[in-house]
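Reading the structure
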Amino acid sequence: MEADERHDRAVISTADDAVLAKLSCVEKGYYHDAFIQAMAKGVKGVGNNSSSTYGAAGRRNGASSMMEPIIRKGTHARVCAVDKAINAFLSLPLLEDAEASNNKDRRQVVILGAGRDTTYLRYRFGYLTGFEGKEIDWFEVDHPFVIEQKAKSWLKKCTPEGYVYNSKMNVATGDSYRASFSKQQDGTDTNNSTYHLVGHDLRSSPDSLLQKLSDPFHGYNRAIPTIFVLECLIMYLPDKASWNLLQYLANISNCNNKKDAFSRTLSDHLNKLKTCGFDIAVGCNMMDAYEHGIISIDERRRAARCEMLDELEEFVLLMRHYCLCLGAKGSGRYKSAATALCSVGKDSPIGFETGRCERQIALTTLCS
């Protein structure tokens, strides 16, 4: 039990580590996040007087002083890559026949291991584009303790001026919430998105995760196109748990639960996705993502203006150690959309370049 509790504390602390790295990037001007300082309040090393607006506090004694430039560079690249993937999914044309119009272009975003992530807030309040004209169901999943803190405290601190934060707990489970932001003036919320926070230990059975998501309180629908985001998550899961989770996400009944450690090579990452049942898997190392197509020139220029990086060779090695991988599975009217999302070359919505990435296609897909 003590070992489990220590592991729980270590996993929970990763939410603080991640938000500090992102706060450090924002304080240095790498990118704009109007909510990150408020979301980081209470984390060790962050002053209590930090405001929720970009650049208002902490430039001399904030998180920037705690992070090395190489960490900021890598964190910025990761934020840009994840934003690009989500935006590509939200922007991708999905409706292919009259039947699909019943879903009104509805999509689902599920952030696994969400921690103190602010991506929903940046979309919800217009700092990122992609919600326009769509009905988005946004789910965040993390350890029940993290979700409780986020639902009851952290999000309240992030509420923009003129809005009121509302949350409702699922009394049947006690560890999940629905949240919303209504206008203070009239109490209305004209945004078409729904926001759900689900407490779940990702080391446990994926079946229990599906039960929680599909509960009428949340209304996750397996028939609606969904993107699952696992940002720096797999390395914190036991190997068997990571295989089981990916198997569930691919929605298949059988997966070869290998006992070997999760490989660090791009090919093995993609092979793991394909083995677990995804039709197509595509990816590249983060250095190629940074320099070739996925991270834009403007984003790289902005990062370069923020600060000099002396450890260039170390940065290259670090970025090649990580990768951006995408697995897609679609059938019927969504099959072509899944293929397009994982495409390579000039038509890739994410920016995967020919010769700079690897793409694997399941044999069953080739034969169908």
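One structure accompanies this document, and this report is about it.

1. Considering the sheet that holds strand 8 (residues 323–328)
As summarised here, the arrangement of the three strands in space is 8-7-9, forming an open sheet in which the pairing is antiparallel. Since the sheet does not close on itself, it has two edges, and those belong to strand 8 and strand 9 (358–361), each with one partner. Neighbour to neighbour, the strand axes of the sheet diverge by 10° on average, direction disregarded. Relative to strand 9, strand 7 (residues 280–285) runs antiparallel, the two sharing four bridges. Paired with alanine 281 across the strands is glutamine 360, a residue of strand 9.

2. As for the sheet that holds strand 5 (residues 194–199)
Pairing within the open sheet is mixed, and its six strands lie in the order 3-4-5-2-1-6. The open sheet has two free edges, formed respectively by strand 3 (163–169) and strand 6 (226–230), since each of these has just one partner strand. Between one strand axis and the next, the sheet turns by 20° as a mean value, whatever way the strands run. Where strand 1 (residues 106–112) lies against strand 6, five bridges are found, and the strand directions are parallel. Across the sheet, leucine 112 pairs through a bridge with leucine 230, a residue of strand 6.

3. Details of the packing of aromatic side chains
Under the counting rule described, the total for this entry stands at 15 aromatic pairs. When the ring of phenylalanine 35 is compared with that of tyrosine 127, the centres are 5.6 Å apart and the planes differ by 85°; the resulting orientation is edge-to-face. Of the two residues, phenylalanine 35 sits in the loop between helix 1 (2–28) and helix 2 (36–39) while tyrosine 127 sits in the loop between helix 4 (119–124) and strand 2 (135–142), which places them 92 residues apart along the sequence. Seen in terms of ring centroids, tyrosine 123 and phenylalanine 131 are 5.3 Å apart; in terms of plane orientation they differ by 10°. Their pairing is stacked. The two residues tyrosine 123 and phenylalanine 131 agree in class, both being buried. One aromatic cluster is present, built from ring pairs that chain together Phe35, Phe125, Tyr127, Tyr163, Tyr165 and Phe181.

Conventions adopted
Residues numbered from 1 in each chain as written. Predicted model: local features only at pLDDT ≥ 70, side-chain atom pairs only at ≥ 80, totals over all residues. Heavy atoms only, no water. Pairing = 2+ DSSP bridges. Helix = DSSP H or I, 4+ residues; strand = E, 2+ residues; numbered from the N terminus. Axes fitted to C-alpha atoms, helices over the stretch in contact; angles between N-to-C directions. Phe/Tyr/Trp six-rings, centres within 6.5 Å; stacked < 30°, edge-to-face > 60°. Buried < 20%, exposed > 50% of the residue type's maximum accessible area, 1.4 Å probe, protein only.

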